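Spelled out from the first residue to the last, the chains are:
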Amino acid sequence: MREKPGRWRHGQGKAGAMFAAAMAVLLTLLAVAASVAVYPQTGSVVYESGGATVDASNIDQGYVMVKMSSSKKLKVRITGDEQYTYDLAGDGEYDVYPLQNGNREYTLVVYEQVKGNSYSQVLSRTLRPEMADENAPFLGPNCYTWYTADSAVVQLGNELCAGLTTDQEKVNAVYQYVTSNYIYDYMTAMMVSAGQQSGYVPDLDAMLEKKMGICFDFAALMGALLRSQGIPTQMVMGYADITYHAWNNILIDGEWVRYDATSAVTHTNIQQYTEEAVY
């Protein structure tokens, strides 16, 4: 008679282990699904030097903000596992830069042009974020895909994804919309490739109005539409075969999946992608 309780407890032990394992899986899925859109804001952790200002209040959300007023060319270099160098507008307004290498130490340096290709350092800081969501850098706007909570592109994302419940459904809706309603801007692409239009940065409001753009624009638009829906989306720069190109990696059910809206619009069959930078 004593064996029965023992067997019952043993069964309960197995059931408990199975329940614990199921809960672990559920919590993992909930963590993936818990990603929410990020909108940059200023805070109290601010560093200043040489006229440059760094707002590091929200590095745990995957971004840092930099501003400076200058008539000279400015650069921001952020070094983590990889090194990224950006242009900084000298208008005294904050630009937003992602911390795309996750939780590790970063060195941020602001440079001001002296003459030609010669620059002097005006500010340097070490940053160490502790992001609860490692995908935070891919959930908000940055200097290459800029929008705010009340931007038209966010409203469009809400309309496209209204009533949809899964990330895959939302990605499908956004991808179908972009590839069906926009055309490729061959003239701008030619000017950028020829160096006649340097420092090109997507303007999402202009793209929504013109219904056309280059690969950079398509990747930025896809990124904004999906990030505003809480879906981690990378904007990737690199090579499509032998052509410099931009596309997206989108996190769906825990896996990064490549989407290239430009190749769909231009009916281009790309054999090999080579990633060089992720924003």
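Just above sits the structure.
Small disclaimer: the values here were computed from a predicted structure and weren't measured. (Residues numbered from 1 in each chain as written. Predicted model: local features only at pLDDT ≥ 70, side-chain atom pairs only at ≥ 80, totals over all residues. Heavy atoms only, no water.)

Engineer: Can you help me understand the overall build of the chain in this one?
Structural biologist: A count of helical and extended segments in the chain gives 7 helices and 14 strands. Per-residue burial for the chain yields a buried fraction of 43% across its 279 residues. A separation threshold of at least 6 residues defines the contact pool for the chain, and within that pool the share at least 24 residues apart is 59%. For the chain, the exposed surface amounts to about 15,000 Å²; the carbon and sulfur share of it is 50%. (Helix = DSSP H or I, 4+ residues; strand = E, 2+ residues; numbered from the N terminus. Buried < 20%, exposed > 50% of the residue type's maximum accessible area, 1.4 Å probe, protein only. Contact = heavy atoms within 4.5 Å. Areas by Shrake-Rupley, 256 points an atom, 1.4 Å probe, with all protein chains shown as cover.)

Engineer: Help me understand the side chain of Arg227, please; the structure alone is not making it clear to me.
Structural biologist: You can see Arg227 is positioned in helix H6 (residues 215–227). One buried charged residue, Arg227, remains without a salt bridge, the closest side chain of opposite sign being Asp133 at 12 Å. Of the polar contacts made by the side chain of Arg227, one reaches the backbone oxygen of Gly140; its length is 2.7 Å. From its side chain, Arg227 meets the backbone oxygen of Tyr279 in a polar contact 2.9 Å long. Once you skip the residues sitting within four places of it in the chain, Arg227 turns out to touch Ala37, Pro137, Phe138, Leu139, Gly140, Asn142, Thr145, Tyr147, Thr233, Gln234, Met235 and Tyr279. (Lys, Arg positive; Asp, Glu negative; His and termini not counted. Salt bridge = Lys/Arg side-chain N within 4 Å of Asp/Glu carboxyl O. Polar contact = N/O pair within 3.5 Å; in protein donor to acceptor, adjacent residues only side chain to side chain.)

Engineer: Sorry, what's going on with unusual backbone geometry here?
Structural biologist: A negative phi angle is the norm for most residues apart from glycine, just as the trans form is the norm for most peptide bonds. With a phi close to 60 degrees, Lys211 is a non-glycine residue in the positive phi region. Mapped onto the secondary structure, Lys211 falls in the loop between helix H5 (204–210) and strand E10 (212–213). Positioned with a positive phi, His267 is a non-glycine residue whose angle comes to about 55 degrees. Topologically, His267 is positioned in the loop between helix H7 (261–266) and strand E14 (273–278). Residue classification places His267 among the exposed positions, given a relative accessible area of 72%.

Engineer: How should the pattern of salt bridges be read in this particular structure?
Structural biologist: It is possible for side chains of opposite charge to pair when their charged atoms get near one another. Summed over all chains, the structure comprises 3 salt bridges. A salt bridge links Asp87 to Lys75; its shortest N-O distance comes to 2.5 Å. Here the residue Asp87 occupies a position in strand E5 (residues 83–88), and Lys75 occupies one in strand E4 (residues 74–79), the gap between them amounting to 12 residues. The partner of Glu105 in a salt bridge is Arg128, and the shortest N-O contact between them spans 3.0 Å. Taken together, the residues Glu105 in the loop between strand E6 (95–98) and strand E7 (106–115) and Arg128 in the loop between strand E8 (118–127) and helix H2 (152–161) connect sequence positions 23 residues apart. Residue class for Glu105 comes out partly exposed when judged on its relative accessible area of 36%. Residue classification places Arg128 among the exposed residues on the basis of a relative accessible area of 52%.

Engineer: Can you help me understand H6 in this one?
Structural biologist: An α-helix turns once per 3.6 residues; consequently, residues spaced three or four apart project the same way. The terminal C-alpha atoms of H6, which comprises 13 residues, lie 18 Å apart, in line with the 18 Å expected from a rise of 1.5 Å per residue. Most of H6 sits out of view: 13 of its 13 residues are buried. (Expected span 1.5 Å × (residues − 1).)

Engineer: Is there a simple way to explain the packing of H2 against helix H3 (residues 167–181) in this structure?
Structural biologist: Helix packing for two helices is described by the angle between their axes and how far apart those axes are. H3 packs onto H2 with a crossing angle of 120 degrees between their chain directions and a minimal axis gap of 9 Å. Considering how the two elements wind past one another, H2 and H3 form a crossing that is right-handed. Between H2, through Leu156, Leu160 and Cys161, and H3, the contact on the second element is made entirely by Lys170, Ala173, Val174 and Tyr177. Considering only residue class, the contact of H2 with H3 consists of 6 nonpolar, no polar and 1 charged. (Axes fitted to C-alpha atoms, helices over the stretch in contact; angles between N-to-C directions. Left-handed = near helix turned anticlockwise from the far one by under 90°. Nonpolar A, V, L, I, M, F, W, Y, C, P; charged D, E, K, R; others polar.)

Engineer: Can you walk me through the sheet that holds E7 in this structure?
Structural biologist: By definition, the strands of a sheet pair up through backbone hydrogen bonds, in either a parallel or an antiparallel sense. A sheet is described by the order of its strands in space; here 4 strands give the open sequence E5-E4-E7-E8, paired in antiparallel fashion. Among the strands making up the open sheet, the edge pair consists of E5 and E8. Each strand of the sheet is rotated relative to its neighbour by a mean of 20 degrees, with strand direction disregarded. (Pairing = 2+ DSSP bridges.)

Engineer: It is not clear to me how the side chain of Asn58 should be interpreted in this structure. Could you clarify?
Structural biologist: Looking at the element boundaries, Asn58 is found in the loop between strand E2 (52–55) and strand E3 (63–68). Residue class for Asn58 comes out buried when judged on its relative accessible area of 17%. Here the side chain of Asn58 touches Tyr63 through a polar contact of 3.2 Å, side chain to side chain. Not counting residues up to four positions away in its chain, the partners in contact with Asn58 are Gln41, Thr42 and Tyr63.

Engineer: Teacher, can you tell me more about the packing of aromatic side chains here?
Structural biologist: Where two aromatic rings form a pair, the distance of their centres and the angle of their planes describe that pair. If you walk through the whole model with that rule in mind, you get 15 aromatic pairs. Here Tyr39 and Tyr147 contribute two aromatic rings whose centre-to-centre distance is 6.2 Å and whose plane-to-plane angle is 90 degrees, an arrangement assigned as edge-to-face. Residue Tyr39 is found in the loop between helix H1 (3–33) and strand E1 (46–49), and its partner Tyr147 is found in the loop between E8 and H2; the two are separated by 108 residues along the sequence. For Tyr147, a relative accessible area of 2% translates into the label buried. For the ring pair Tyr200 and Phe216, a centre distance of 6.5 Å and an interplane angle of 45 degrees mean the geometry is tilted. Of the two residues, Tyr200 is situated in the loop between helix H4 (186–193) and H5 and Phe216 in helix H6; the sequence distance between them amounts to 16 residues. Members of the aromatic cluster, joined through ring pairs, are Tyr84, Tyr86, Tyr97, Tyr144, Tyr200, Phe216 and Tyr279. The ring centre of Tyr47 lies 3.7 Å from the NZ or CZ of Arg125, which sits over that ring. (Phe/Tyr/Trp six-rings, centres within 6.5 Å; stacked < 30°, edge-to-face > 60°. Lys NZ or Arg CZ within 6 Å of the ring centre and 35° of its normal.)

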